[in-house]
Amino acid sequence: MSVETSRKPAGKNSNVVVAAVCLAFFTGMIGMAYAAVPLYKMFCQATGYGGKTQRVEKQYAGRVLDRDVTVRFDANVAGVPWDFQPVQRSVTMKIGETVQVRYKATNKFDRPVTGRATFNVQPELAGPYFNKVECFCFTDTTLKPGETLDMPVVFYVDPDIVNVPELKDMKTITLSYTMFPIEKNKPVALSEPVQGDSNKVSNTEGNLGG
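Residue indices begin from 1 for each chain and proceed along its sequence in written order. The predicted nature of this model means local features are confined to residues of pLDDT at least 70 and side-chain atom pairs, given and counted, to a pLDDT of 80 or more, with totals for whole chains, interfaces and linings taken over all residues. Excluding hydrogens and water, the side-chain values take into account all heavy atoms of the structure.

Caption draft 1: Spotlight on the pairing of strand β4 (residues 90-94). To sort residues, take the accessible area from a 1.4 Å probe on protein chains only and compare it with the maximum for the residue type: under 20% means buried, over 50% means exposed, and anything in between is partly exposed. Labels follow the DSSP assignment, with helices taken as runs of H or I lasting at least four residues and strands as runs of E lasting at least two, numbered in each case from the N terminus. Where burial is concerned, the two faces of β4 differ: the one with Val91 and Met93 is buried and the one with Ser90, Thr92 and Lys94 is not. Sheet topology places strand β2 (residues 68-77) next to β4; five bridges connect them, and they run antiparallel. Among the inter-strand pairings, Val71 is bridged to a residue of β4, identified as Val91. Pairing between strands requires that DSSP locate at least two bridges from one strand to the other.

Dropping the structure here:
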């Protein structure tokens, strides 16, 4: 009897340890799931993976090639009550040339709204070679009711792109932005549109061919 009695606490302790390990593993998996999205986004923006562009400090590529590339511009909204679109739909430039273009956004609601833009390029392999010097997507943008804002993008295509076999015949790159709302108070859906304006916002994806 004494032997069996002495073994029971050990068995209970073992069960407690197993339960604690399982709980720790489960908690860790939840934490990894929540961290996966921002970490993946940071990885994409740092490496250009998934069509993410590069942010650079230098304003010039250092050399300009005698080869043209057409960059098309796309704009979309996802829950933000803005009319958001590029001022020009495309630009033809030399590879290595620094170019500035503009997007335009108008707040259609009766209160200030803050938006944040995500971005990528197509084809995806061009992402690491599409270098942004200046972009409204680097910071959040707040618009007052009815306010319209011009938002510049300064960029160049790295001449090293011509060394990528899969891109040797590439003639067009599409730069695409999607604007999301950054809300601190009540949801955008509870607000009213500016008097006389529609609460519908345009999506240029169809006009630009994706």
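Picking up where we left off.
Caption draft 2: Broad picture of the nonpolar core. The biggest cluster of nonpolar side chains holds 38 residues, and the ones touching the most others in it are Phe84, Phe136, Phe155 and Tyr177. Elements represented by at least two residues in this core include exactly β2, β3 (82-86), β4, β5 (99-107), β6 (113-122), β7 (130-135), β9 (148-157) and β10 (172-181). With five residues, the single largest contributor to this core is β2. Among buried residues, the Ala, Val, Leu, Ile, Met, Phe, Trp, Tyr and Cys ones that are joined through side-chain atoms within 4.5 Å form a nonpolar core.

Caption draft 3: Up close: the state of the cysteines. By disulfide we mean two sulfur atoms from cysteines, separated by a distance within 2.5 Å. Under the defined criterion, the tally for this structure stands at one disulfide. There is a disulfide in this structure between Cys135 and Cys137, and the S-S distance comes to 2.3 Å. On the sign convention where negative means left-handed, the S-S torsion of about 130° between Cys135 and Cys137 marks this disulfide as right-handed. Taking the relative accessible area as the measure of exposure, Cys137 reaches 9% and is therefore buried.

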